[in-house]
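Spelled out from the first residue to the last, the chains are:
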Amino acid sequence: MADTAEGGGMRRGRNETEEERADRMWQELIQEVRVAQMGVQILFGFLLTVVFTEKYADLSDTDQTIYLVTVVLGACATGALIGPVSLHRLVAGRRVKPQAVRLASRLTLLGLVLLLATMTASLLLILRVATHDGFVPYLVAGVVGWYLLCWFVLPLWTRHRYTSR
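Here's what I pulled together on the structure shown here.

Reading the values: rules and limits
- Residues numbered from 1 in each chain as written.
- Predicted model: local features only at pLDDT ≥ 70, side-chain atom pairs only at ≥ 80, totals over all residues.
- Heavy atoms only, no water.
- Helix = DSSP H or I, 4+ residues; strand = E, 2+ residues; numbered from the N terminus.
- Rg over C-alpha atoms; globule rule 2.2 N^0.38 Å.
- Contact = heavy atoms within 4.5 Å.
- Lys, Arg positive; Asp, Glu negative; His and termini not counted.
- Charge placed at Lys NZ, Arg CZ, Asp CG, Glu CD.
- Phe/Tyr/Trp six-rings, centres within 6.5 Å; stacked < 30°, edge-to-face > 60°.
- Buried < 20%, exposed > 50% of the residue type's maximum accessible area, 1.4 Å probe, protein only.
- Axes fitted to C-alpha atoms, helices over the stretch in contact; angles between N-to-C directions.
- Parallel < 35°, antiparallel > 145°, perpendicular 65-115°, else oblique.
- Left-handed = near helix turned anticlockwise from the far one by under 90°.
- Nonpolar A, V, L, I, M, F, W, Y, C, P; charged D, E, K, R; others polar.
- Core = buried A, V, L, I, M, F, W, Y, C linked by side-chain atoms within 4.5 Å.
- Salt bridge = Lys/Arg side-chain N within 4 Å of Asp/Glu carboxyl O.
- 1 Å grid on protein atoms, 1.4 Å probe; cavity = no way out; pocket = protein on both sides within 12 Å on 5 of 7 lines; lining within 4 Å.
- Points joined across faces, edges and corners; volume = space filled by probe spheres on them.

Another aspect to go through is the overall build of the protein chain. The helix and strand inventory of the protein chain stands at five helices and two strands. Taken from the N to the C terminus, the helices and strands of the protein chain come in the order β-β-α-α-α-α-α. For 165 residues, the compact-globule formula gives about 15 Å, and the C-alpha radius of gyration of the protein chain, at 21 Å, lies well above that figure. With the C-alpha coordinates aligned to their principal axes, the bounding extent of the protein chain is approximately 70 × 35 × 15 Å. In the protein chain, 71% of the contacts between residues at least 6 apart in sequence involve partners at least 24 apart. If the 17 positive side-chain charges of the protein chain are averaged to one point and the 14 negative ones to another, these points end up 8 Å apart.

Written as structure tokens, this is what we have:
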């Protein structure tokens, strides 16, 4: 919605109160969190089963360490991405939605960073087990670069490009 500003120019943004903006931002955030939660929960559930397979005992000490780090990262990512739901439930009706949205947004960003780390460690472990070729670190680095581009670089570039004066 664009309103005409003084001087005949177009004003960008919405005409909404702080509470209305918080409500809208909360709805947008919760939709984003649902997507990320689904991915991290599926990945984390899969990771939890690996230790109970026969193949786990055959892993090298390095691969077992990578696995343990991956599981801990997955648990942390799950916690951070479920955190906004718990936050909302515990503060609902307390008239702190703008503050809750800011905190939930930070938790979500932290969850995405932890998800990136979990996926990186998972990919490293899987490729190390699947092949012992020396190209594994380069392949993982390429995928991480792709994640960084899609998840952070493009959004930040868009933010800078279209919101800078």
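By convention here, two paired aromatic rings are described through the distance between centres and the angle between planes. All told, the structure shown has three aromatic pairs when counted by the stated rule. A ring pair is formed by Tyr-56 and Tyr-67, whose centres lie 5.2 Å apart and whose planes are at 65 degrees; its orientation type is edge-to-face. Within this pair, whereas Tyr-56 is found in helix H2 (residues 54-58), its partner Tyr-67 is found in helix H3 (residues 61-91), the two being separated by eleven residues in sequence. Pair check on accessibility: Tyr-56 and Tyr-67 agree, each one buried. Both rings, one in Trp-157 and one in Tyr-162, keep their centres 6.2 Å apart while their planes meet at 85 degrees; by these two values the pair is edge-to-face.

Assignment of secondary structure puts Thr-70 in helix H3. Relative accessible area serves as the criterion here: at 0%, Thr-70 is assigned to the buried category. With residues up to four places along the chain from it excluded, the contact list for Thr-70 reads Leu-47, Thr-118, Ala-121 and Ser-122.

Here H3 crosses helix H4 (residues 97-130) at 160 degrees, and the two axes come no closer than 8 Å. Between H3 and H4, the angle is such that the two are roughly antiparallel. The handedness of the crossing between H3 and H4 is left-handed. Grouping the constituent residues of the contact of H3 with H4 by class yields 23 nonpolar, nine polar and three charged.

Moving on, we come to the nonpolar core. In this structure, Val-40, Leu-47, Tyr-56, Tyr-67 and Val-71 are the most contacted members of the largest nonpolar core, which totals 17 residues. Of all the elements in the fold, those that place two or more residues in this core are helix H1 (18-50), H3 and H4. In this view, Val-71 contacts Phe-44, Leu-47 and Leu-48; residues no more than four positions away in its chain are not counted. Counting nine residues, the second largest nonpolar core, distinct from the first, contains Trp-26, Leu-29, Val-33 and Val-101.

It is worth spelling out the pattern of salt bridges at this point. Taken as a whole and assessed by the stated rule, the structure comprises four salt bridges. A salt bridge links Glu-16 to Arg-24; the shortest N-O distance between them is 2.7 Å. The partner of Arg-24 in a salt bridge is Glu-28, and the shortest N-O contact between them spans 3.2 Å. Of the two residues, Arg-24 and Glu-28 both sit in helix H1, four residues apart, roughly one turn of that helix. Arg-24 sits in the partly exposed class, given a relative accessible area of 22%. Several salt bridges converge on common partners, so that one network encompasses Glu-16, Arg-24 and Glu-28.

What follows is about the layout of surface pockets. For the largest pocket, the calculated volume is near 780 Å³. Listed by contribution, the elements that provide at least two residues to the lining of the largest pocket are H1, H4 and helix H5 (136-163). A per-element tally of the lining of the largest pocket places H1 first, with seven residues. Partitioning the lining of the largest pocket into residue classes produces ten nonpolar, three polar and six charged.

Before going further, it helps to examine the environment of Leu-124. Note that Leu-124 resides in helix H4. Considered as a pair, Leu-124 and Glu-20 are 104 residues apart in the sequence and their alpha carbons are 44 Å apart. Excluding residues within four positions of it along the chain, Leu-124 makes contact with Ile-66, Val-136 and Val-140.

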